[in-house]
Amino acid sequence: MQFMDGENPHILHEAASTTPTGMSSLPEEIQVDIFMMLPVKCISVCRCVCKLWCNLLFSPKFIKHHLNNGIRNHKLMLIDNINRLDTKYFSICSIDFAPETSSALLSFNSALKLEFPIEYKEHFVQVLGSCNGLVCLGMQSIDWHYKINVFIWNPLIRKYKEILTPFSFSSMRYGFGYDCINDTFKPVRIGENKETRGVEIQVYTLGSDSWDKTQPIPYSFPLDHRNDSGLLFNGALHWFGINTAKETSFEVIISFNISTKRFIDVPLPEYTSRYRNRRQYRSVALLGDNLCLFDVDSDVVGISLIEIWVMLEYGVRVSWSKQFSFTEQFPGFAYDLTLVCALGNGELMMVSSWNVYLYDPKKKRRRDLNVQTGMVNKVVTYVDSLVSPI
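This one's a predicted model, so the numbers in the text were calculated from it and none came from an experiment. (Residues numbered from 1 in each chain as written. Predicted model: local features only at pLDDT ≥ 70, side-chain atom pairs only at ≥ 80, totals over all residues. Heavy atoms only, no water.)

Engineer: Please set out the sheet that holds strand β25 (residues 365-368) residue by residue, giving values where relevant.
Structural biologist: Within the open sheet, the four strands sit side by side as β22-β23-β24-β25. Their pairing is antiparallel. Each having just a single partner strand, β22 (338-342) and β25 make up the two edges of the open sheet. On average, each strand axis in the sheet is inclined to that of its neighbour by 25°, with strand direction left out of account. Both β22 and strand β23 (residues 348-351) contribute to a ladder of four bridges, which runs antiparallel. In the strand pairing of β23, Leu 339 is matched with Met 350. (Pairing = 2+ DSSP bridges. Helix = DSSP H or I, 4+ residues; strand = E, 2+ residues; numbered from the N terminus. Axes fitted to C-alpha atoms, helices over the stretch in contact; angles between N-to-C directions.)

What follows is the structure, given as structure tokens:
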């Protein structure tokens, strides 16, 4: 049996013979409703009261119920590399966040610093994905060696699992999601095989603690998308890439179903770039409950034309609709600018390696959230859950 931080198994043993007479006499469904209203720290204490509560609160049924109840209570995780205010090379912060109700008052002043349970002083950290309260992190040494240490971490209950990665790929990109058929979580990595020079995929299953055999795939990726992590949507991971199966390659959104391990091509909207001599950066994101394409055309001084296309019906090319189009100048270079989400007041949250921004399409106004302690790597949404990675 796994115990959360701060739990004492001796307390559980001593209390095991004594069952509380008040609340425990209620029907189980009513007990669950009461427990669901408690903070997670209180739930961890209740697990130590008696065997009845321990079995109930550790049961997969309760954990899933707790997850489904809080799935809309998002948090933002901010990765800040080269943190000049700390001895570490990175810091991880969390902010309570509800996209549907958040407004212009959103601020990083209320950020809570999270302590990663393993000391990594000479590493950068990347968010490789998040799903059901578990966050997949990649630790990479400061010499930018291709070797990445992968961790599945639940920051709420402070449990983690380290995954050993075979050192056979270069130019790697990752993803992380849930296999609903086999009820397990799966990290995914894609990279160039250094021997064959072909692009291959490899899937890890938490239940079996093993990587599948690598499989070649008919895709390639733009060099400036090297650190992209797969976007989880509809049970599949999505990357912007290039289909190389035919004589003439073409750009697509690559979709990889985590349960079936099958690829499909999601077609791009029928459009052409307005500026042929500018640098273009495309990425996939979510806008509400729809897949979207975030298209950035930038010049050398940071003036960018940004277009956001939304796919109203998944997989149907004619359902693409251009929702936003605006021009804005960003500090530094905007070639790695990505969309995080849309707020309840209509503002768009975007992040680059320079800062985090809020843009109001109606007022045509940008606000900088001034995350200036280091190099912002990524802002990702996640939820609180009791799901254990081990």
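Engineer: I'd love a proper account of the pattern of salt bridges, names of residues and values included.
Structural biologist: Across all of its chains, the model carries twelve salt bridges by this definition. One salt bridge connects Lys 64 with Asp 183, and the closest N-O pair in it is separated by 3.9 Å. Here Asp 183 lies in the loop between β8 (169-179) and β9 (184-193) and Lys 64 lies in helix α5 (residues 60-69), a separation of 119 residues in the sequence. When its relative accessible area of 44% is taken as the criterion, Lys 64 is described as partly exposed. Exposure remark for Asp 183: the relative accessible area of 45% places this residue in the partly exposed category. (Salt bridge = Lys/Arg side-chain N within 4 Å of Asp/Glu carboxyl O. Buried < 20%, exposed > 50% of the residue type's maximum accessible area, 1.4 Å probe, protein only.)

Engineer: With reference to specific residues and values, describe the packing of aromatic side chains.
Structural biologist: What the rule picks out here adds up to nine aromatic pairs. On the numbers, 5.2 Å between centres and 85° between planes, the contact of Phe 35 with Trp 53 is edge-to-face. One end of the pair, Phe 35, is in helix α2 (residues 28-36); the other, Trp 53, is in helix α4 (residues 51-58), with 18 residues separating them in the sequence. Assessed through its relative accessible area of 1%, Phe 35 is described here as buried. On the numbers, 4.0 Å between centres and 15° between planes, the contact of Phe 326 with Tyr 359 is stacked. (Phe/Tyr/Trp six-rings, centres within 6.5 Å; stacked < 30°, edge-to-face > 60°.)

Engineer: I'd like a rundown of the environment of Glu 192, residues and numbers included.
Structural biologist: The topology assignment puts Glu 192 in strand β9. A sequence separation of 24 residues divides Glu 192 from Pro 216, and the C-alpha atoms of the two residues are 9.4 Å apart.

Engineer: Pulling in residues and values, what's your account of unusual backbone geometry?
Structural biologist: Working note: non-glycine residues mostly have negative phi, and peptide bonds are mostly trans. Of note in the backbone geometry, Lys 261 takes a positive phi value of approximately 60° without being a glycine. Looking at the element boundaries, Lys 261 is found in the loop between β16 (250-257) and β17 (263-266). Under the relative-accessibility criterion, Lys 261 is labelled partly exposed at 37%. Phi at Lys 364 is positive, roughly 55°, even though this residue is not glycine. Considering the arrangement of structural elements, one finds Lys 364 in the loop between β24 (356-360) and β25.

Engineer: An account of the pairing of strand β10 (residues 199-205) is requested, with residue identities and associated values reported.
Structural biologist: By the criterion of burial, β10 is predominantly enclosed, with seven of the seven residues buried. Both faces of β10 are covered, namely the face carrying Val 199, Ile 201, Val 203 and Thr 205 and the face carrying Glu 200, Gln 202 and Tyr 204. Sheet topology note: the β9/β10 ladder contains five bridges and is antiparallel. Across the sheet, Val 188 pairs through a bridge with Val 203, a residue of β10. Counting the residues in the hairpin turn of β9 and β10 gives five residues, including Arg 197, whose phi is positive at 65°. As paired elements, β10 and strand β12 (residues 215-216) share two bridges and run antiparallel to each other.

Engineer: Lay out the pairing of β25 in plain terms, naming residues and giving numbers.
Structural biologist: Direction of pairing for β24 relative to β25: antiparallel, over a ladder of four bridges. Paired with Leu 358 across the two strands is Arg 367, which belongs to β25. Count of turn residues in the β24/β25 antiparallel hairpin: four residues, of which Lys 364 carries a positive phi of about 55°.

Engineer: Account for the packing of α4 against α5, naming residues and giving values.
Structural biologist: At a closest axis distance of 4 Å, the pairing of α4 and α5 adopts a crossing angle of 55°. Of the possible angle classes, the one that applies to α4 and α5 is oblique. Across from Leu 56, Leu 57 and Phe 58 in α4, the residues of α5 making contact are Pro 60, Phe 62 and Ile 63. In the contact of α4 with α5, the residues fall into six nonpolar, no polar and no charged. (Parallel < 35°, antiparallel > 145°, perpendicular 65-115°, else oblique. Contact = heavy atoms within 4.5 Å. Nonpolar A, V, L, I, M, F, W, Y, C, P; charged D, E, K, R; others polar.)

Engineer: Please provide a residue-by-residue account of the side chain of Ser 255, values included.
Structural biologist: Structurally, Ser 255 can be placed in strand β16. Classification of Ser 255 as buried rests on a relative accessible area of 3%. For Ser 255, the side chain forms a polar contact with the side chain of Tyr 314, separated by 3.1 Å. Look past the residues within four positions of Ser 255 in its chain and what remains in contact with it is Ala 236, Leu 237, His 238, Arg 262, Phe 263, Ile 264, Val 266 and Tyr 314. (Polar contact = N/O pair within 3.5 Å; in protein donor to acceptor, adjacent residues only side chain to side chain.)

Just geometry here; none of it tells us what the structure is for.
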